[in-house]
Number of protein chains: 2
Amino acid sequence: MELYLIRHGIAEERRPDLKDEERSLTKEGREKTEKVAQRLRKLGLHFDLIASSPLIRARQTAEILIAAGLSSKVEECSYLAPDGRIENWAVDWLSPRNYSPQTQLALVGHEPDLSAWAEILLWGQAKATLVLKKAGMIGVKLPEKGSPLGRSQMFWLTPPKYLL
Amino acid sequence: MELYLIRHGIAEERRPDLKDEERSLTKEGREKTEKVAQRLRKLGLHFDLIASSPLIRARQTAEILIAAGLSSKVEECSYLAPDGRIENWAVDWLSPRNYSPQTQLALVGHEPDLSAWAEILLWGQAKATLVLKKAGMIGVKLPEKGSPLGRSQMFWLTPPKYLL
């Protein structure tokens, strides 16, 4: 099974009158994410499902991926909200679904969570060794059986600039 | 300082009448590596130096990178031969050179060594968590001071198919 961890695009700055979860993608963030999505499609990628953090900037990113034809299915996933724990996601969300080894899954979320999730998938622990830019992506191959934590392999890590 | 670990392209199969170190790139390996090199150049990459394993398939890969304009300087580096140890390379080869933080260095070599080198740069140890295909690449950012082992970050890992 392949997992694509995708960070949301460039969003509005934090400000006192705007809740963090309501920050939208900026025009630049939207355009760059669209270009990345088109390139991913051109490279032949297709996801069986896009699971997205419930925050607006992540949902908007997921919608751009859908619009580019990268998947026809999106769902909100509360584990992908900031500070979500991959241990809970793996046990409560992933494990009961019994996906086939051919499944291609995209997760749209936030930093520093997504790169920490990738590290935990590879190494079982996180220590900030991976640089994941906005609209960047990490590709991880999960083992066919058993827990993926500390037992997965990384085959792709890219900033958006190498996808434009 | 940025380090680009590049695996040689597809080479001749092992056979009894051919020394391992004399295996050349195949026609397909040469063509694919040329395409990767052209794409890297188009993405704006340029290396101050390409250090290559002394084995023919690595030297040929380095020559293709040079021909694509990715660097004007190549040198053989015995530490990059199969089973070379990054600990020795870091102390004996890299440290005395006092490269500036802006230096962009490419290392052309073999698997499973290069992905293990990257893991040791990030994590201080190797356990085969990274998939590095022939003519694929890993980009690692080294700290400005001190040993890079266990103290570096990865910003890029790509198979050639996403560079064609």
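Up top is the structure these notes are about.
None of the values given here were measured: they were computed from a predicted structure.

Caption draft 1: Fine view of the overall build of chain A. Along its length, chain A carries four helices and six strands. Counting from the amino terminus, helix and strand elements in chain A follow one another as β-α-β-α-β-α-β-α-β-β. For 164 residues, the compact-globule estimate of 2.2 N^0.38 gives 15 Å, and chain A sits close to it at 15 Å. The C-alpha extent of chain A, read off along each of the three principal axes, is 45 × 35 × 30 Å.

Caption draft 2: Structural context of unusual backbone geometry. Residues and elements named next belong to chain A. Here the residue pair Glu111 and Pro112 is connected by a cis peptide bond, since its omega of 5 degrees sits within 30 degrees of zero. Backbone geometry places Asp83, a non-glycine residue, at a positive phi of 70 degrees. When you line up the elements, Asp83 lands in the loop between β3 (74–76) and α3 (86–94).

Caption draft 3: Highlighting helix α1 (residues 27–42) of chain A. Residues and elements named next belong to chain A. A rise of 1.5 Å per residue sets the reference length of α1, with its 16 residues, at 22 Å; its end C-alpha atoms lie 23 Å apart and thus fit the reference within 8%. Listing the buried residues of α1 in full gives Gly29, Thr33, Val36, Ala37, Arg39 and Leu40. Down the axis, α1 shows its buried residues gathered within 165 degrees of arc, on one side only. Turned more than 90 degrees away from the buried face of α1, the exposed residues are Lys27, Lys35, Gln38 and Lys42. Looking one or two residues past α1, Gly44 carries a phi angle of roughly 95 degrees, positive in sign.

Caption draft 4: Focus on the packing of helix α1 (residues 27–42) of chain B against helix α2 (residues 56–67) of chain B. Residues and elements named next belong to chain B. Close contact between α1 and α2 brings their axes to 9 Å; oriented N to C, the two are set at 40 degrees. The angle between the axes of α1 and α2 places the two elements in the oblique class. Where α1 crosses over α2, the two elements pack in a sense that is right-handed. Contacts between α1 and α2 involve Arg30, Thr33, Glu34 and Ala37 from the first element and Gln60, Thr61, Ile64 and Leu65 from the second. Class assignment for the residues of the contact of α1 with α2 results in three nonpolar, three polar and two charged.

Caption draft 5: A look at the side chain of Thr33(A). Residue placement: Thr33(A) occurs in helix α1. Sequence-distant contacts of Thr33(A), defined by excluding residues within four places in its chain, comprise Gly9(A), Leu25(A), Thr61(A), Ile64(A) and Ala135(A).

Caption draft 6: Here's a closer look at the relation of the copies chain A and chain B. Rotating chain A by 180 degrees and moving it 0.0 Å along the rotation axis overlays it on chain B with an RMSD of 0.0 Å. Here the transformation between the copies is reduced to the relation of a two-fold axis. Of the C-alpha atoms belonging to chain A, the one lying closest to the rotation axis is found on Leu157(A), 2.4 Å away. The share of interface residues of chain A whose copies in chain B are also at the interface is 96%, consistent with both copies meeting through the same surface.

Caption draft 7: Local environment of the packing of helix α3 (residues 86–94) of chain B against helix α4 (residues 113–123) of chain B. Residue and element names in this part refer to chain B. Packing of α3 against α4 leaves a shortest axis separation of 10 Å and a crossing angle of 70 degrees. By the criterion of interaxial angle, the relationship of α3 to α4 is roughly perpendicular. Every residue of α4 that contacts α3 at Ile86, Glu87 and Trp89 is listed here: Trp117, Ile120 and Leu121.

Caption draft 8: Summary view of the packing of aromatic side chains. The full count for this structure, using the stated rule, is 14 aromatic pairs over all chains. When the centroid spacing of 5.7 Å and the interplanar angle of 80 degrees are considered together, the rings of Tyr4(A) and Phe155(A) count as edge-to-face. In this pair, Tyr4(A) is assigned in strand β1 (residues 2–7) and Phe155(A) in strand β6 (residues 153–158), connecting sequence segments 151 residues apart. Across the pair, exposure class does not vary: Tyr4(A) and Phe155(A) are buried alike. Their ring planes at 90 degrees and their centres at 6.5 Å tell us that Tyr4(B) and Trp156(B) sit as a pair that is edge-to-face.

Caption draft 9: Here's a closer look at the nonpolar core. With 56 residues, the main nonpolar core has Trp89(A), Met154(A), Trp89(B) and Met154(B) as its most contacted residues. For Met154(B), the residues in contact, after removing those within four places along its chain, are Thr129(A), Leu130(A), Val131(A), Met154(A), Leu157(A), Ala118(B), Leu122(B), Leu130(B), Ile138(B), Gly139(B) and Val140(B).

Caption draft 10: Just the interface of chain A and chain B, in detail. Contacts between chain A and chain B engage 26 residues on the former and 25 residues on the latter. With both sides pooled, the region where chain A packs onto chain B buries about 2,200 Å², and carbon together with sulfur makes up 58% of that total. Broken down residue by residue, the surface that chain A buries against chain B is led by Trp123(A), Thr129(A) and Tyr162(A), which jointly contribute 33%. At the junction of chain A and chain B, the tally comes to zero salt bridges. At the level of secondary structure, the elements contributing two or more residues to the side of chain A that touches chain B comprise α4 (113–123) and β6 of chain A. The element that contributes the greatest number of residues to the side of chain A that touches chain B is β6(A), accounting for six residues. Of the residues belonging to the side of chain A that touches chain B, the class tally is 16 nonpolar, six polar and four charged.

Reading guide: rules and limits
Within any chain, residue numbers begin from 1 and follow the written order of that chain's sequence. Each chain is given a letter, starting from A, and each ligand a number, starting from 1, according to the order in which they appear as written. Only residues with pLDDT of at least 70 get local features here, since the model is predicted, and only at 80 or more are side-chain atom pairs given and counted; chain-wide, interface and lining totals rely on the full set of residues. The side-chain values count all of the structure's non-hydrogen atoms but skip hydrogen atoms and water molecules. Secondary structure elements follow DSSP: runs of H or I no shorter than four residues count as helices, runs of E no shorter than two count as strands, and numbering proceeds from the N terminus. Put simply, the radius of gyration uses C-alpha atoms, and a globule should come to 2.2 Å times the residue count raised to 0.38. By this rule the span expected of a helix is its residue count minus one, scaled by 1.5 Å. Only protein chains enter the calculation, and the probe is 1.4 Å; a residue is then buried if its accessible area is under 20% of its type maximum, exposed if over 50%, and partly exposed in between. The arc in question is formed by the directions pointing from the helix axis toward the C-beta atoms. Helix axes are fitted to C-alpha atoms over the stretch in contact, other axes to C-alpha atoms as well, and angles between N-to-C directions run from 0 to 180 degrees. For classification purposes, angles smaller than 35 degrees are called roughly parallel, those larger than 145 roughly antiparallel, those between 65 and 115 roughly perpendicular, and all remaining angles oblique. Left-handed describes a crossing whose near helix is turned anticlockwise from the far helix by less than a right angle; the clockwise case is right-handed. Here, two residues are considered to be in contact whenever any of their heavy atoms come within 4.5 Å of each other. Gly falls in the polar group here, along with every residue not listed as nonpolar (Ala, Val, Leu, Ile, Met, Phe, Trp, Tyr, Cys, Pro) or charged (Asp, Glu, Lys, Arg). In superposing the copies, a least-squares fit is computed on C-alpha atoms, taking residues whose pLDDT is at least 70 in both. Two aromatic rings, drawn from Phe, Tyr or Trp (for Trp, its six-membered ring), form a pair once their centres lie within 6.5 Å of each other, and the interplanar angle then sorts them: stacked below 30 degrees, edge-to-face above 60, tilted otherwise. By convention a nonpolar core is built from buried Ala, Val, Leu, Ile, Met, Phe, Trp, Tyr and Cys residues, the set being connected through side-chain atoms within 4.5 Å. For any pair of parts, buried area is found by adding up, for both, the accessible area (1.4 Å probe) each one loses once the two are put together. Between Lys or Arg on one side and Asp or Glu on the other, a salt bridge is scored when a side-chain nitrogen of the former is within 4 Å of a carboxyl oxygen of the latter.

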